Amino acid sequence: MEYSPKKIQKLLDENGFHLKKMFGQNFIVDENIIDAIIRKSDLKENTLVIEIGPGAGSLTNKLSSVAKQVLCYEIDHSLDSLLNTVLEGCSNVDIIYQDFLKSCVKKDLEKYSYDYLYVIANLPYYVTTPIIMKLIEDQIPVDKIVVMVQKEVGDRFKAKPGTKDYGSLSIFLQYYFEIEKLMDVSKNVFLPKPNVDSIVVSFQRRKNKLEVKNESLFFGLVKDSFVQKRKTLRNNLKNYDLDRIETILKKYGYDLSVRAEALSIELFVEIANYL
Ligand code: SAM
């Protein structure tokens, strides 16, 4: 497969395919970026890769040469004949033409045998967070997720306390994963060129699992703490036992006038476990 804006456009034209904005179709047209994503994913032997949204198959094609098996979900059925052409000879690629968010992934995985499960994708920007949430909520046993996302969204995923991007979503995701930026990606590597910048982020299972006694209480506490980001914990957590919360805060030199954005995930865990 050859990569350049002209070549990918020619491929689309030959297959009578028109890009659809509503499906977040910004296809990668630069081979270096695809190679870098694959290199940085550090695939292990015997890995099954789930790709959400193969598009014109640029990433899929290369994944096929390094993974044991590639399982793709593509919402747009009209990519069918184009993908058949591009992926001819890639016998380890299966494509399910279906909305990933409505898919029964655990069931789909049953027919494969593998040692590692990765998700590697250039995600459609309009559903980035729901896709990551689905992987967590459906308890898909992924070892690693490497995804291209809108920079602004990726910055929220990996944000640390005391930064403007830090919020309940950062804590929710970092409860499960260690998240890091792998690289910045220029707008120029996409067809069509999007309005926003992108980054590639990786999610790896936390080495030190956080010991939370009651997850729903913990997530509820975090959500409520950030409900009005500029307000103090005293204001946001009126329905909680503020004395107990303050006992823990004081151990770390804070009081109830602190804002949620200053507190680490470990501190939220300690508060939740004490309530
Ligand atoms: N992987 C290709 C690439 O990098 O060139 C295409 C990436 S493009 C940003 C996103 C792809 O996801 C499109 O092919 C789009 O049709 C597909 N898509 C959008 N929403 C989807 C969904 N809910 N489930 C599965 N695929 C989806």
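Residues numbered from 1 in each chain as written. Predicted model: local features only at pLDDT ≥ 70, side-chain atom pairs only at ≥ 80, totals over all residues. Heavy atoms only, no water.

Novice: Would you mind going over the site of the ligand in detail, with residue names and values included?
Specialist: Around the ligand, the surrounding shell holds 21 residues, and the nearest of these are I28, G53, E74, D99 and Y126. Within the backbone of I28, one N or O atom sits 2.8 Å away from an oxygen atom of the ligand. Here a nitrogen atom of the ligand and a side-chain polar atom of E51 are 3.2 Å apart. In the complex, 99% of the free accessible area of the ligand, which totals 600 Å², lies under the protein chains. Mapping the ligand onto the cavity grids shows that it belongs to the largest pocket. Every element with two or more residues in the shell around the ligand is listed here: β1 (27-28) and β3 (69-74). (Near = heavy atom within 4 Å. Polar contact = N/O pair within 3.5 Å; in protein donor to acceptor, adjacent residues only side chain to side chain. Areas by Shrake-Rupley, 256 points an atom, 1.4 Å probe, with all protein chains shown as cover. 1 Å grid on protein atoms, 1.4 Å probe; cavity = no way out; pocket = protein on both sides within 12 Å on 5 of 7 lines; lining within 4 Å. Sits in = over half its atoms within 2 Å of the grid points. Helix = DSSP H or I, 4+ residues; strand = E, 2+ residues; numbered from the N terminus.)

Novice: Run through the environment of L79, naming residues and quoting values.
Specialist: For L79, the position within the fold is in the loop between β3 and α4 (80-86). The class for L79 is buried, based on a relative accessible area of 0%. L79 sits 62 residues away from F17 along the chain, and the two C-alpha atoms are 7.3 Å apart. (Buried < 20%, exposed > 50% of the residue type's maximum accessible area, 1.4 Å probe, protein only.)

Novice: So what about the pairing of strand β4 (residues 93-97)? Which residues, and what values?
Specialist: Where β3 and β4 come together, 5 bridges link them in parallel fashion. The residue of β4 that forms the bridge with V70 is V93. With α4 bridging β3 and the parallel β4, this β-α-β connection has right-handed handedness. (Pairing = 2+ DSSP bridges. Right-handed = clockwise from strand over helix to strand, strands pointing away.)

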